[in-house]
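Architecture and fold: a report
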Amino acid sequence: MNKNKIVITPGFLKRNSFSLTIFFRKRNKMAICKILFFLLALCVWCGKCEVFYKRVGDEVSMKCGVDSNSDIDWKFNGESIFSITGKSGTRRKGSSHIAEKASTPGDILKVPRLETRDSGNYFCKQSGKHHTVRVVSAFVKPGPVLLQSSNAELHCDITGDPNTEVQWQRPPNGEEYKEKKQVIHLKSVTSEEAGQWTCLVEKKLKLIVTLTVVGLQTTAVNASKGDDTELPCSLPQSVSQRVVGGRWKADHLPKVSFPNLTNTAGEGLHWHGNDLSKVNFTTGQLSTNFDVTLKKVQSSDDGTFVCTVEFDGGVSLSVETTLRVVDKPSGVKGSNNRKGKPPAVMESLTKEVYGLKLWIWIAVGASSVALIVLIVVIGVVQRRNKRMKKRVRTLRSMRQPLTDKDYCQCDRAEKEVEFGEQARPLPVPRQHRNPRTRTAGPNHTN
């Protein structure tokens with residue numbers, strides 16, 4: 001008997017029916033994928049099919065390859081886009097959503113403002129040409145601005161083709177990333193992962209996503225006895241993760257009550273606390289600034305303070321600041337050690353309104369008012385200049401015309417005498433002007 005021979009019995013089939021079903025299903029799927037890949041390769045090789053990789057928002061142009069007088073029928077994934085009669089040029093829209101924005105100059109189909117749903121197969125019936133469009137989008141989950149030690153996903157999604165490999169290049173020098181998947185996972189991101197990530201698709205299309213990694217910021221604080229001192233704690237900018245809580249803590253001050261960060265649907269992110277005897281805080285809505293103020297600090301307050309902020313997904317960041325309390329110089333009265341604007345004002349200015357900071361809206365409003373005032377001033381000056389020119393023309397038209405007497409200057413001799421001018425000699429008679437015209441007198445001799 002051959003030892004390599006497998007004997008399949010009814011009992012074997014009964015015991016392993018599920019495993020055999022899964023096996024043959026996988027074999028069928030693999031066979032189908034190979035057939036489709038082979039057909040696509042054959043289509044491209046024969047020139048009957050072309051694959052386009054485009055970004056979201058790009059435009060794609062596909063050529064049918066028939067005469068301008070021929071009938072043309074374009075289809076998208078089996079749905080009609082346009083049916084064009086060559087002789088009359090009549091165009092009839094189909095049921096596909098592509099028809100709402102596409103155009104057909106000649107035998108070319110142009111599709112602008114590509115979306116992910118525009119990925120698929122475009123077919124020209126008359127020439128039999130197939131065009132495959134893949135719309136690629138690149139983005140970061142949960143967002144482009146991440147916290148230190150949080151997780152992130154970098155996507156370079158090729159709609160309709162999730163298995164095609166892409167090449168990732170990581171910052172800062174464009175080094176090739178080891179994984180060539182469309183989605184890569186980054187664990188506990190740090191500043192080393194921050195920067196521009198590049199996704200190369202088929203060496204034809206380049207997409208860039210920018211990853212920003214931020215953490216809590218603070219500085220050491222020096223204060224004099226009796227001053228109100230601000231303990232700094234903030235994020236450099238808004239992050240993709242939602243803040244869900246937080247607190248301040250000082251182990252050397254167990255009796256001091258610090259407020260807690262709370263995020264509710266009605267009030268948003270804000271401080272919650274009742275005891276204001278030692279610690280003061282803003283009561284408005286917070287964004288990236290989590291400062292608190294320690295009232296009338298003393299030598300016993302000297303030490304380390306910890307600011308903790310909690311985010312969605314279980315991410316928590318903490319930062320320590322050190323307070324150093326010194327004796328106040330002699331002759332100096334109590335002062336407030338808070339620098340810059342009060343936290344409430346800062347929070348108001350940095351609050352986002354319709355996607356932009358409030359101070360940006362204020363700057364835009366002030367610039368608009370200045371521009372309007374300038375336009376009004378220019379209009380007033382131009383109107384004034386027109387009035388002045390009109391007035392000058394009116395004055396010129398009001399001048400007295402010359403009278404007959406002035407025009408003939410009949411009283412010229414009187415005026416000359418009046419101004420002490422010498423009278424001009426009388427004109428010489430005409431017969432004395434030209435010797436040739438003189439008549440011969442009695443004394444005339446030849």
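Residues numbered from 1 in each chain as written. Predicted model: local features only at pLDDT ≥ 70, side-chain atom pairs only at ≥ 80, totals over all residues. Heavy atoms only, no water.

Taking an unreviewed UniProt entry as the reference, the protein chain is identified by name as CD4-2 molecule, tandem duplicate 2 belonging to Cyprinus carpio carpio.

A few words now on the packing of aromatic side chains. The full count for this structure, using the stated rule, is 3 aromatic pairs. Note on phenylalanine 76 and tyrosine 122: the rings are 4.7 Å apart at their centroids and 45° apart in plane angle, and the pair reads as tilted. Taken together, the residues phenylalanine 76 in strand S3 (residues 72-76) and tyrosine 122 in strand S7 (residues 120-124) connect sequence positions 46 residues apart. With a relative accessible area of 5%, phenylalanine 76 lands in the buried category. Residue class for tyrosine 122 comes out buried when judged on its relative accessible area of 0%. (Phe/Tyr/Trp six-rings, centres within 6.5 Å; stacked < 30°, edge-to-face > 60°. Helix = DSSP H or I, 4+ residues; strand = E, 2+ residues; numbered from the N terminus. Buried < 20%, exposed > 50% of the residue type's maximum accessible area, 1.4 Å probe, protein only.)

Next up on the list: the pairing of S7. Two faces, one strand: in a regular strand the side chains alternate between the faces of the sheet. Alignment of S3 against S7, held across 3 bridges, turns out to be antiparallel. The partner of tryptophan 74 across the bridge, within S7, is cysteine 124. As paired strands, S7 and strand S8 (residues 129-141) are joined by 5 bridges and run antiparallel to one another. In the strand pairing of S8, cysteine 124 is matched with lysine 129. Turn length for the S7-S8 hairpin, with the two strands adjacent in sequence and antiparallel, is 4 residues, and the turn residue glycine 128 shows positive phi of about 75°. (Pairing = 2+ DSSP bridges.)

Our focus in this paragraph is the UniProt feature "transmembrane region" (unreviewed entry) in the protein chain. Under the UniProt annotation, the feature "transmembrane region" (unreviewed entry) is placed at residues 358-381. In residues 358-381, the share of helix is 100% and the share of strand is 0%. The end C-alpha atoms are 35 Å apart. (UniProt positions renumbered as here; feature names shortened; annotations may be inferred.)

Below, the discussion takes up a nonpolar patch on the surface. Together, Val369, Val373, Val377 and Val381 give the surface a local cluster of nonpolar side chains, amounting to about 320 Å² of exposed area. Tracing the backbone through its elements, the reader meets valine 377 in helix H4 (residues 358-397). (Patch = residues over 30% accessible without salt bridge, like charges linked within 9 Å, V, L, I, M, F, W, Y side chains within 5 Å. Areas by Shrake-Rupley, 256 points an atom, 1.4 Å probe, with all protein chains shown as cover. Salt bridge = Lys/Arg side-chain N within 4 Å of Asp/Glu carboxyl O.)

With that settled, the discussion passes to the sheet that holds strand S23 (residues 303-311). Read from one edge to the other, the open sheet built from 6 strands follows the order S16-S24-S23-S18-S19-S20, with strand pairing classed as mixed. Both edges of this open sheet fall to strand S16 (221-224) and strand S20 (268-272), since each of them pairs with a single strand only. Mean inter-strand twist for the sheet, computed between neighbouring axes without regard to direction, equals 20°. In this sheet, strand S24 (residues 316-326) lies alongside S16 in parallel orientation, the contact comprising 4 bridges. (Axes fitted to C-alpha atoms, helices over the stretch in contact; angles between N-to-C directions.)

A separate point is the state of the cysteines. On inspection of all chains with the given rule, the structure shows 3 disulfides. One disulfide in the model links cysteine 64 with cysteine 124; its S-S distance is 1.8 Å. Linking cysteine 64 and cysteine 124, the disulfide has an S-S dihedral of approximately -55° and is accordingly described as left-handed. Here cysteine 124 lies in strand S7 and cysteine 64 lies in the loop between strand S2 (60-63) and S3, a separation of 60 residues in the sequence. Accessibility classification places cysteine 64 together with cysteine 124 in one group, the buried group. Each disulfide in the protein chain links cysteines that, numbered along the sequence, combine into the pattern 1-2, 3-4, 5-6. (Disulfide = S-S within 2.5 Å.)

Before going further, it helps to spend a moment on unusual backbone geometry. A cis amide bond, omega 5°, links lysine 141 with the succeeding residue proline 142. Tracing the sequence through the fold places proline 142 in the loop between S8 and strand S9 (145-147). In this structure, glutamate 202 takes a positive phi of about 55° despite not being glycine. By secondary structure assignment, the location of glutamate 202 is in the loop between strand S14 (195-201) and strand S15 (205-214). Looking at glutamate 202, the relative accessible area reads 39%, which means it is partly exposed.

Taken together, the side chains of Lys386, Lys389, Lys390 and Arg393 define a basic patch exposed on the protein surface. Here lysine 390 lies in helix H4. The exposed category is assigned to lysine 390, whose relative accessible area is 56%. (Lys, Arg positive; Asp, Glu negative; His and termini not counted. Charge placed at Lys NZ, Arg CZ, Asp CG, Glu CD.)

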